[in-house]
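# Fold and geometry: a report
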Amino acid sequence: MHFLLRYAATGLALIVPSSLALLRFSCSQLVVERLDPLVNPGVTGSPHLHQVIGGNTFQPSMDPSSLDIPSKATCTTCTFAEDFSNYWAVLYFQARNGTFKRVPQKGNVGFEQSQGGMTVYYTPVISGRGQVTAFKPGFRMIVGDPNNRDESKVPRQLTYTCLKSPMTRDGETKYFPKQACPYGIMVNVRFPTCWDGKTLDPPDHASHVAYPSSGTFESNGPCPATHPVKIPQLFYEVIWDTAQFNNKADWPADGSQPFVWSFGDKTGYGNHGDYVFGWKGNALQTAMDTNCNINCPQLKGQSIQQGNQCSVKNIVDETIDGWLDELPGGMPVDK
């Protein structure tokens, strides 16, 4: 606990300055699967691969009218055991000879024992001014666009950090790092913090939420009139263990960076995050109201080792590991 608080005071101060409270916890890998119940509901074999964390109700169709996630889930990979939400993304290395190999995830500072996965944060209003409304059952959202290849269209909240050490938290970019990163590449995804107050999941999974109309979440900027309800800032960090691919002899002959998202993006501008809410009962609202700081006695917890035991079986029968001639699903790579 002392170590995590000291970490929060140093590294996280760059992200949420003067924040009085936040949840920070680990969610290990649940499954690596070509499914997308948000964008391609009911489809077995979505266009691109995802590395999923969270509750074990993850499946091709997750229609909230027929699936109550917290009551159906029997386990979660998250260390807050009442969080059965799902979050996902997947990165590949493309060698000079054109073949691909999946890049594994690794645990963040304090969570080194996790089997891949992400570090998840929920932060209420900065400096305690005002309150936030926790997400409701059936709530889903996406931030970013996997089809985007234009840096000017990337929100400032979606970034990459080239890790020189486990504690590196500066030098964020909107594109993949162009140099070899000694400790790996960290992807940072900060979701919008304003909601229209009524829509749980619109067809585009995005128009019901927004960033502050002026200022930033960190400066407690106001929500736009169209999205007046303040919601927690959901933020996750994913550390990709790219260090094992740092031999420049294996990189493209022109010296360009070798990493590509599973949806074929080599620029990094297609960075995006998907979220399916699945907290049990009023647990998240309770945590936000009580200003829990890192640990939260009001919530039921479990160890990282317990979270590591939660998984689901793959449905799509395909090879996703080892050296591949193409990305899973035959996804083409940007030229």
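Residues numbered from 1 in each chain as written. Predicted model: local features only at pLDDT ≥ 70, side-chain atom pairs only at ≥ 80, totals over all residues. Heavy atoms only, no water.

A count of helices and strands for the protein gives 4 helices and 18 strands. Its C-alpha radius of gyration of 19 Å places the protein within 12% of the 20 Å reference for a compact globule of 335 residues. Each of the three principal axes of the protein carries a C-alpha extent, and together these read 55 × 40 × 40 Å. Taken across its 335 residues, the protein has 56% of its residues classed as buried. Within the protein, contacts between residues separated by at least 24 positions form 76% of all contacts whose residues are at least 6 apart in sequence. Here the protein has roughly 13,500 Å² of accessible surface; of this, 51% comes from carbon and sulfur atoms. When the 27 basic and 29 acidic side-chain charges of the protein are each reduced to a single mean position, those positions are 5 Å apart. (Helix = DSSP H or I, 4+ residues; strand = E, 2+ residues; numbered from the N terminus. Rg over C-alpha atoms; globule rule 2.2 N^0.38 Å. Buried < 20%, exposed > 50% of the residue type's maximum accessible area, 1.4 Å probe, protein only. Contact = heavy atoms within 4.5 Å. Areas by Shrake-Rupley, 256 points an atom, 1.4 Å probe, with all protein chains shown as cover. Lys, Arg positive; Asp, Glu negative; His and termini not counted. Charge placed at Lys NZ, Arg CZ, Asp CG, Glu CD.)

Attention now moves to the pairing of strand β9 (residues 140-144). In terms of burial, β9 is largely enclosed, as 4 of its 5 residues are buried. Where β9 and strand β17 (residues 272-276) come together, 5 bridges link them in antiparallel fashion. Looking across to β17, one finds that Met-141 is bridged to Tyr-275. (Pairing = 2+ DSSP bridges.)

Here we take up the nonpolar core. Leu-23, Phe-25, Tyr-87, Tyr-122, Tyr-275 and Trp-279 are the most contacted members of the largest nonpolar core, which has 55 residues in total. Ignoring anything within four residues of it in the chain, the contact list for Tyr-87 reads Phe-25, Gln-51, Val-52, Ile-53, Met-118, Val-120, Tyr-122, Leu-234, Tyr-236, Asp-274, Tyr-275 and Trp-279. The next biggest cluster of nonpolar side chains, apart from the first, holds 16 residues, and it includes Leu-38, Met-62, Ile-69 and Trp-88. (Core = buried A, V, L, I, M, F, W, Y, C linked by side-chain atoms within 4.5 Å.)

With that settled, the discussion passes to the state of the cysteines. Throughout the structure, instances matching the rule amount to 5 disulfides. Across the disulfide from Cys-27 sits Cys-78; the S-S distance is 2.0 Å. The chirality of the disulfide connecting Cys-27 with Cys-78 is right-handed, given an S-S dihedral of about 105°. Within this pair, whereas Cys-27 is found in strand β1 (residues 22-27), its partner Cys-78 is found in the loop between α2 (69-72) and β4 (86-89), the two being separated by 51 residues in sequence. Each member of the pair, Cys-27 as well as Cys-78, carries the same accessibility label: buried. Disulfide connectivity for the protein, with bonded cysteines indexed by sequence position, reads 1-3, 2-10, 4-5, 6-7, 8-9. (Disulfide = S-S within 2.5 Å.)

On to the sheet that holds strand β16 (residues 259-261). In space, the 3 strands of this open sheet follow the order β6-β5-β16, with antiparallel pairing throughout. Looking at strand neighbours, the two that pair on one side only are β6 (100-102) and β16, the edges of this open sheet. With direction set aside, neighbouring strand axes in the sheet form an average angle of 35°. Looking at chain direction, strand β5 (residues 91-94) and β6 are connected through 3 bridges and run antiparallel. Opposite Gln-94, over in β6, you have Phe-100 as the bridge partner. (Axes fitted to C-alpha atoms, helices over the stretch in contact; angles between N-to-C directions.)

In the predicted model, the protein carries a mean pLDDT of 91, and the fraction of residues at 70 or more is 93%. Confidence drops under a pLDDT of 50 for residues 1-19, and excluding neighbours within four residues, the segment shows 43 contacts in the predicted structure. (pLDDT = per-residue confidence, 0-100.)

With that settled, the discussion passes to the environment of Pro-202. Counting through the fold element by element, Pro-202 comes out in the loop between β12 (194-195) and β13 (209-210). Sequence spacing of Pro-202 and His-50 is 152 residues, and the spatial spacing of their C-alpha atoms is 22 Å. If we skip the residues at most four places from it in the chain, Pro-202 touches Ser-207 and His-208.

With that settled, consider unusual backbone geometry. Even without a glycine there, the phi angle at His-205 is positive, about 60°. Inspection of the secondary structure puts His-205 in the loop between β12 and β13. A positive phi angle, near 70°, is found at Ile-294, a position not held by glycine. Mapped onto the elements of the fold, Ile-294 is located in strand β18 (residues 293-294). Accessibility expressed as a relative area gives 0% for Ile-294, which makes it buried.

Another point: the pattern of salt bridges. The final tally for this structure, using the stated rule, is 8 salt bridges. The residue Asp-265 makes a salt bridge to Arg-149 at a minimum N-O spacing of 3.4 Å. Highlighted residues: Asp-265 in the loop between β16 and β17 and Arg-149 in the loop between β9 and β10 (158-163), separated in sequence by 116 residues. Arg-149 sits in the partly exposed class, given a relative accessible area of 29%. Here Arg-169 and Glu-237 are joined by a salt bridge, their closest N and O atoms 3.7 Å apart. On the criterion of sequence distance, the pair formed by Arg-169 in the loop between β10 and β11 (184-190) and Glu-237 in strand β15 (residues 233-240) is long-range, its members being 68 residues apart. (Salt bridge = Lys/Arg side-chain N within 4 Å of Asp/Glu carboxyl O.)

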